[in-house]
Amino acid sequence: MNNGDLSETNTDLLTEISVSYYQDGATQEEISRKFGVSRAKVGRLLKQARDEGIVEITVKYHPVFSAKIEQRLVDKFGVKRALIALDQPDEEQQRKQVAGMVSNYLAQTLKTGMVVTVGQGRNVSSVAHYTGVITPRDCKFVCSIGGIHPRGGRFNADHICRQLAKKYGGSSETLYAPAYAENREQKLAFMQNSTVKQTLDLARKADVALVGIGDMSENSYMVDLGWFTADEVVQSRGNDGVVGDFAGYDFFDINGEIADTVMNDRIIGLGIEEFKPISEVIAIAAENSKPLALLGALRTGAIDVIATSVSNALTVLNLVEQMDRK
């Protein structure tokens, strides 16, 4: 076989070379001789195989590697713990991987009699629905934000609280108000209701908080449910520098400062300042679209335990190191 016989678009050839190199352990020199191509071309063909998805490389990180990333996050942001999950090929698997780490952490942390205030969203829901071996304990799970449209289903804080109570054998308490009011006046009316006040007071005194970190996208969950328009999200991101939301309530910029947006006066629940006195705030940001939101959230000073992926953690550390050099 000679160079002229080879086409770089020949999938069979790319597969044969890839199997020889990655599975059989042949050197590029051996492959060069076997297929009658130059070593330089072998290198190009292996790269092409990766680019075309014929070869997928998954790096299995040693626990020591994750521990080093955790220590860097602890040193940089002053968090108590960083739960770092291996990268997964899709968002659903990534959420499940992170949820498993958070579920295990809760199993070690929660004690009978504790109060846990709970947020909304896909990541927090994944923790509640994660299947693991749990030792029953009588904890109370309290909503930190109001209810959402039925389309929210299992991502609703009330549903999540009930699921966690079922999982641990504890109890749950609903916040009888919508998560998002139509305007400021409606929000204030709900906040003055004695039943709403009583639940939020209990949530403020919680021992543990479990919340999600959202990113600002016109395709986000909040826009999908109709709480905010895509234009409002784009305006907040562009004009106000908003990079994310904390537990579905406060919106913040890259420096962790609370941004004053059109969205702030509509939310019924706990804000960042009310989470800060809680001794253990566990925040989750699994998806790989969230490094900026994660960086801003860490800078708020409200997070005690962060749960995310290896790639998110490394991107955040690289971002902050670049900013520090400027």
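Shown above is the structure to which this text applies.
The following paragraphs examine the structure supplied in this document. (Residues numbered from 1 in each chain as written. Predicted model: local features only at pLDDT ≥ 70, side-chain atom pairs only at ≥ 80, totals over all residues. Heavy atoms only, no water.)

Some thoughts on the overall build of the chain
Short version of the rule: Put simply, DSSP marks the helices as runs of H or I at least four residues long and the strands as runs of E at least two long, and each gets a number from the N terminus on. Each residue is placed in one exposure class: buried if its accessible area under a 1.4 Å probe, protein chains only, is under 20% of its type's maximum, exposed if it is over 50%, and partly exposed if it falls in between. By definition, residues are in contact when any of their heavy atoms lie within 4.5 Å. Here, Shrake-Rupley sampling with a 1.4 Å probe gives the accessible areas, and only protein chains in the shown set may cover a residue.
Within the chain, the regular secondary structure consists of 14 helices and nine strands. Residue burial in the chain is summarised as follows: out of 326 residues, 50% are buried. In the chain, once contacts between residues fewer than 6 apart in sequence are set aside, the share between residues at least 24 apart is 72%. With an accessible surface of roughly 15,600 Å², the chain has 47% of that area assigned to carbon and sulfur atoms.

Some details on the pattern of salt bridges
A side chain with one charge may pair with a side chain of the opposite charge, provided their charged atoms come close. Operational definition: When a carboxyl oxygen of Asp or Glu is within 4 Å of a side-chain nitrogen of Lys or Arg, the pair counts as a salt bridge.
A full pass over the atoms with the stated rule returns 16 salt bridges. Of the charged contacts, one joins K140 and E173 as a salt bridge, the two residues approaching to 3.8 Å between their closest N and O atoms. Separated by 33 residues along the polypeptide, K140 in strand β3 (residues 140-143) and E173 in strand β4 (residues 171-173) bring together distant segments of the chain. Connected through salt bridges with shared partners, the residues E91, E92, R95, E287 and K290 form a single ionic network.

Considerations on the packing of aromatic side chains
Our working definition: Two aromatic rings from Phe, Tyr or Trp, using only the six-membered ring of Trp, form a pair when their centres are within 6.5 Å; if the ring planes differ by under 30 degrees the pair is stacked, by over 60 it is edge-to-face, and anything between is tilted.
Under the defined criterion, the tally for this structure stands at two aromatic pairs. Each ring, one from F141 and one from Y168, has its centre 5.8 Å from the other, and the planes form 35°; the classification is tilted. Here Y168 lies in helix α7 (residues 157-168) and F141 lies in strand β3, a separation of 27 residues in the sequence. Here F141 falls in the buried class, since its relative accessible area comes to 2%. You can call Y168 buried: its relative accessible area is 1%.

What about the pairing of strand β7 (residues 250-253)?
Formally: We treat two strands as partners when DSSP finds at least two bridges between them.
Side-chain alternation along β7 places D250 and F252 on one buried face and F251 and D253 on a second face that is also buried. Bridge count for strand β6 (residues 242-246) against β7 is four bridges, and the pairing is antiparallel. In the sheet register, D245 faces β7, and the bridge partner there is F251. In this structure, the hairpin formed by β6 and β7 is closed by a connection of three residues, where A247 is found at a positive phi of approximately 60°.

Considerations on the packing of helix α4 (residues 63-77) against helix α14 (residues 310-325)
Our working rule: Axes here mean lines fitted to C-alpha atoms, for a helix over just the part in contact, with angles spanning 0 to 180 degrees between N-to-C directions. Angular relationships are summarised with four words: roughly parallel below 35 degrees, roughly antiparallel beyond 145, roughly perpendicular across 65 to 115, and oblique for the angles in between. In a left-handed crossing the near helix is turned counterclockwise from the far helix by less than a right angle, and in a right-handed crossing that turn is clockwise. Under the grouping applied here, Gly and all other residues not named as nonpolar or charged are polar, the nonpolar ones being Ala, Val, Leu, Ile, Met, Phe, Trp, Tyr, Cys and Pro and the charged ones Asp, Glu, Lys and Arg.
Direction vectors running N to C along α4 and α14 enclose 40°, while the axes themselves pass 11 Å from each other. Between α4 and α14, the crossing angle belongs to the class labelled oblique. You can see that α4 and α14 cross each other, and the crossing is left-handed. Only V310, A313, L314, V316, L317, V320, E321 and D324 of α14 make contact with α4, whose side of the interface consists of F65, I69, R72, L73, K76 and F77. Taken together, the residues of the contact of α4 with α14 sort by class into 10 nonpolar, no polar and four charged.

Description of helix α9 (residues 194-204)
Formally: The directions considered for the arc are those from the helix axis to the C-beta atoms.
All of the buried residues along α9 are V196, T199, L200 and A203. Taken down its axis, α9 places every buried residue within 95° of arc, on the same side. Within α9, the exposed residues directed more than 90 degrees away from the buried face are S194 and Q198. Packed against the buried residues of α9 are β2 (115-118), β3, β4 and α8 (184-191).

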